[in-house]
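An overview of the molecular structure
The chain contents come next:
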Amino acid sequence: MHPGTIHTTHWFAFCRKKLRADVMAAFPTLGTDQVSVLVPGKEELNIVKLYAHRGDAVTVYVSGGNPILFEVEKNLYPTVYTLWSYPDLLPAFTTWPPVLEKLVGGADLMLPGLVVPPAGLPQVQKGDLCAIALLGNRAPVAVGVAAMSTAEMLTSGLKGRGFSVLHTYQDHLWRSGDKSSPPSLAPLALDPPDLSEEKESVQADPALQGDLRRLTLEGEEENGEVQRMCGEKSLSEASEDPSVRGLNPDPTDSKTLQEQMDELVQRCFLHALKCQVRKADLPLLTSTFLGSHMLSCCPEGRQLDIKKSSYKKLSKFLQHMQQEQIIQVKELSKGVESIVAVDWKHPRITSFVIAEPSPTSQTIQEGSREQPYHPPDIKSLYCVPASMTLLFQESGHKKGSILEGGEVRTIIINYVKRNDLVDADNKNLVKLDPILCDCILEKNEQHTVMKLPWDSLLTRCLEKLQPVYQVTFPGQEPIVKKGRICPIDITLAQRASNKKVTVVRNLEAYGLDPCSVAAILQQRCQASATVTPAPGAKDSLQVQIQGNQVHHLSRLLLEEYQLPRKHIQGLEKAPKPGKKK
């Protein structure tokens, strides 16, 4: 959208009344009080006329210094500022954080970029207005029009164009406000969608979509598409994502989906009691038992959902287990149940056998074929600075030359022998000539230190050179960078809710896509995983996983990706056996 001519006028009371009526008609889920707050009666309300790419007039309603609504051909749409106050105003779909840059750049949202929640996708029809949020934060960052219904999305295998994006956080419309960032809104734990009820939704005239598309950015890309999100691999591949198919059943299993889910619930229950819960953990909140223990015991490729079992509720399932005298459940405080006792000698626990998980590794898309991840070859090297040039020029090197540690030692040894600097009385000492003095001695040493042992000479020389490193990925040319390669950094953080999260940084340096790693961990840990910009690091992302998941990270990075331990820091933070995560 180009700024064009801007007209600002004050609204009279009857105009406010009409706008409120239009808002209630367009967004019936808003109550009268909410509409009164959105369109205030006393605060100044302005109308701003903007002109889109082809000269179409766009009416923008501004309150409190922020655009709250925009109107095109009598169709009313909310801005992201409004959606931050009313995040449930529109059906909301979720995508990965790195996708935002593509949307802001003018791209539409393609279906492979969706993250499918356990409760399934919101039910929408083609042409419905929808909000787009980022994984880990319910605050919408874009407004779009659904290119197909939810049923068609799933039938397509989540492939193709999903949403025509009209307006985004950071676009021109957003910049006309106070330019605030999205608030942090925790995702909702949604119930599975009720397919028998038709949800009310805001319909957008399909004929207007071409014009509405131009509300994104001035100088946008005309036909931008996000073909593949997050390093060529998306969690929402419909053929593989258990969230799409719910249970992800074995097609050879003759049992019903409900019977398979019953077995899965019992399996996770017994696995958690046998391997994770200890007597010292009791009493244990039933909600904690489910979230921190049962979910983490779910086999890879399966999705635990008690609502899809015959039990329907965790409390009902635990009552059955109590009737079998495996556990004892009590209400220690009003409305809150806890497991207070476990019979670890019960035959169902003692006879339970834990199946070995099948290892999976991250795959990197290359053309039309997939290849397993292979760790890069990493070498520590040295660069000759200007202050060391005289020492290395005899061997044919100059400022900026890159050398391995062995080459540096050979050059220094040859220099000492060629200039007859080995001490005649003690061959373990080297006499320092003017060049060596200038290159490796500190200023206060140059008149006092005349000789150095071999090991001290070589160590000082390496310290004076500039560190660089070389990374070589299989089938690619080596990449040389200044400094020392940062290790993959694993830390534990405590959130305001007193819950731990595991944070992983610097994955990109080792050719690992943070989004792919987050998708794998989300499935294995059965815990929320988000990808966010790493603080203080330009163009770098970090992965956050709920709970202490260092053990899972250790297996993934060391055993499956075969990365050297020396390039990973924080592995010692794994929970000790028998302790809660």
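The structure presented is a predicted model; accordingly, all values stated were derived computationally and were not measured.

**Some points on the overall build of the chain**
The secondary structure content of the chain amounts to 18 helices and 26 strands. Burial statistics for the chain: of 581 residues in total, 48% are counted as buried. Across the chain, the fraction of contacts at a sequence separation of at least 24, relative to all contacts at a separation of at least 6, is 61%. Just so you have it, the chain exposes about 29500 Å², and 51% of that area is on carbon and sulfur atoms.

**Some details on the sheet that holds strand S9 (residues 137–146)**
Here we have 5 strands laid out as an open sheet, ordered S6-S8-S9-S10-S7, and mixed in their pairing. Across the chains shown, the open sheet's two edge strands, defined by having one partner strand only, are strand S6 (92–95) and strand S7 (109–110). By the bridge criterion, 5 bridges tie S9 to strand S10 (residues 161–168) in an arrangement that is antiparallel. Directly across from Gly144, in S10, lies its bridge partner Val165.

**A few points about helix H18 (residues 550–560)**
Of all 11 residues making up H18, 8 are buried, and the element is well covered by its neighbours. Looking only at H18, the buried set comprises Val550, His552, Leu553, Ser554, Leu556, Leu557, Leu558 and Glu560. Buried residues belonging to H18 abut strand S22 (488–494), strand S23 (500–505), helix H17 (514–525), strand S25 (541–546) and strand S26 (568–569).

**Overview of the pattern of salt bridges**
Per the stated rule, a full pass over the model turns up 12 salt bridges. Close ionic contact of Glu445 with Arg460 constitutes a salt bridge, the shortest N to O distance being 2.9 Å. Pair noted here: Glu445 is in the loop between helix H15 (434–440) and strand S19 (451–453) and Arg460 is in helix H16 (residues 454–464), with a separation of 15 residues, a long-range link.

**Let's talk about the environment of Met24**
Among the structural elements, Met24 can be located in helix H1 (residues 13–26). In this structure Met24 comes out as partly exposed when scored by relative accessible area, which is 36%. Separated by 11 residues in the primary sequence, Met24 and Val35 place their C-alpha atoms 7.1 Å from one another.

**Here's the deal with the sheet that holds strand S17 (residues 402–404)**
Read from one edge to the other, the open sheet built from 4 strands follows the order S17-S16-S20-S21, with strand pairing classed as antiparallel. Whereas interior strands pair on both sides, the edge strands pair on one side only; in this sheet they are S17 and strand S21 (479–482). On average, adjacent strands in this sheet sit at an angle of 40 degrees to one another, irrespective of strand direction. Sitting on the sheet, helix H14 (residues 405–418) is in contact with strand S16 (377–383) and S17, with an inclination near 90 degrees to S17.

**Brief notes about the packing of H14 against H16**
The interhelical angle for the contact between H14 and H16, taken along N-to-C directions, is 125 degrees, at an axis separation of 10 Å. In terms of orientation, H14 and H16 fall into the oblique class. When the axes of H14 and H16 are compared, the crossing they make is right-handed. Of the residues in H16, those in contact with Val408, Arg409, Ile412, Ile413 and Val416 of H14 are Trp454, Leu457, Leu458, Cys461 and Leu462. For the contact of H14 with H16, a count of residues per class yields 9 nonpolar, no polar and 1 charged.

**Some points on the packing of helix H9 (residues 257–275) against helix H11 (residues 314–323)**
Running from N to C, H9 and H11 cross one another at 65 degrees; their axes reach a closest spacing of 12 Å. For the pair H9 and H11, the crossing hand works out as right-handed. Residues Val265, Gln266 and Phe269 of H9 pack against Phe317, Leu318 and Met321 of H11. Split into classes, the residues belonging to the contact of H9 with H11 amount to 5 nonpolar, 1 polar and no charged.

**Things to note about the side chain of Thr286**
By the element assignment, Thr286 lies in helix H10 (residues 286–294). Apart from residues lying up to four places away in sequence, Thr286 is in contact with Leu314, Leu318, Val329, Glu337, Ser338 and Ile339.

**With respect to unusual backbone geometry**
Glycine aside, residues mostly have negative phi, and peptide bonds are mostly found in the trans state. In this model, Leu282 is joined to Pro283 through a cis peptide bond whose omega is -5 degrees. Mapped onto the elements of the fold, Pro283 is located in the loop between H9 and strand S11 (284–285). Unusually for a residue other than glycine, Asn506 sits at a positive phi of about 70 degrees. For Asn506, the location among the structural elements is in the loop between S23 and H17.

**Comments concerning the side chain of Ser554**
Inspection of the secondary structure assignment puts Ser554 in helix H18. According to the relative accessible area criterion, Ser554 is buried, its value standing at 19%.

**Describing the nonpolar core**
For soluble globular proteins, the rule of thumb is that nonpolar side chains tend to be buried together. Membership of the largest hydrophobic core comes to 55 residues, with the highest contact counts inside it found for Trp96, Met153, Phe163, Ile488, Leu512, Leu557 and Leu563. In terms of residue count, the dominant contributor to this core is H17 (7 residues). The residues contacting Leu563, other than those within four sequence positions of it, are Tyr373, Pro375, Pro376, Ile488, Tyr510, Leu512, Leu557, Leu558 and Ile568. Core analysis: the second largest hydrophobic core is formed by 32 residues, Val35, Ile68, Leu76 and Tyr77 among them.

Criteria and thresholds
- In this convention, every chain numbers its residues from 1, walking through the sequence in written order.
- Totals for whole chains, interfaces and linings use all residues, but because this is a predicted model, local features are given only for residues with pLDDT of at least 70 and pairs of side-chain atoms are given and counted only at 80 or more.
- In computing side-chain properties, one takes all heavy atoms of the structure into account and sets aside hydrogens as well as water.
- Here a strand is any run of E in DSSP of at least two residues, a helix any run of H or I of at least four, and the numbering for each starts at the N terminus.
- Each residue is placed in one exposure class: buried if its accessible area under a 1.4 Å probe, protein chains only, is under 20% of its type's maximum, exposed if it is over 50%, and partly exposed if it falls in between.
- For this analysis, residues touch if any pair of their heavy atoms sits within 4.5 Å.
- Accessible surface area values rest on a Shrake-Rupley calculation with a 1.4 Å probe, where residue burial reflects the displayed protein chains alone.
- Only strands joined by at least two bridges in the DSSP assignment are considered to pair.
- When a carboxyl oxygen of Asp or Glu is within 4 Å of a side-chain nitrogen of Lys or Arg, the pair counts as a salt bridge.
- A fitted line through C-alpha atoms serves as each axis, taken over the contacting stretch for helices, and the angle formed by two N-to-C directions is quoted from 0 to 180°.
- Comment on the angle field: the value is read as roughly parallel under 35 degrees, roughly antiparallel over 145, roughly perpendicular from 65 to 115, and oblique elsewhere.
- Crossings are assigned a handedness: left-handed for a near helix turned anticlockwise from the far helix by less than a right angle, right-handed for a clockwise turn.
- Side-chain classes follow a simple rule in which Ala, Val, Leu, Ile, Met, Phe, Trp, Tyr, Cys and Pro form the nonpolar group, Asp, Glu, Lys and Arg form the charged group, and the remainder, Gly included, forms the polar group.
- Among buried residues, the Ala, Val, Leu, Ile, Met, Phe, Trp, Tyr and Cys ones that are joined through side-chain atoms within 4.5 Å form a nonpolar core.

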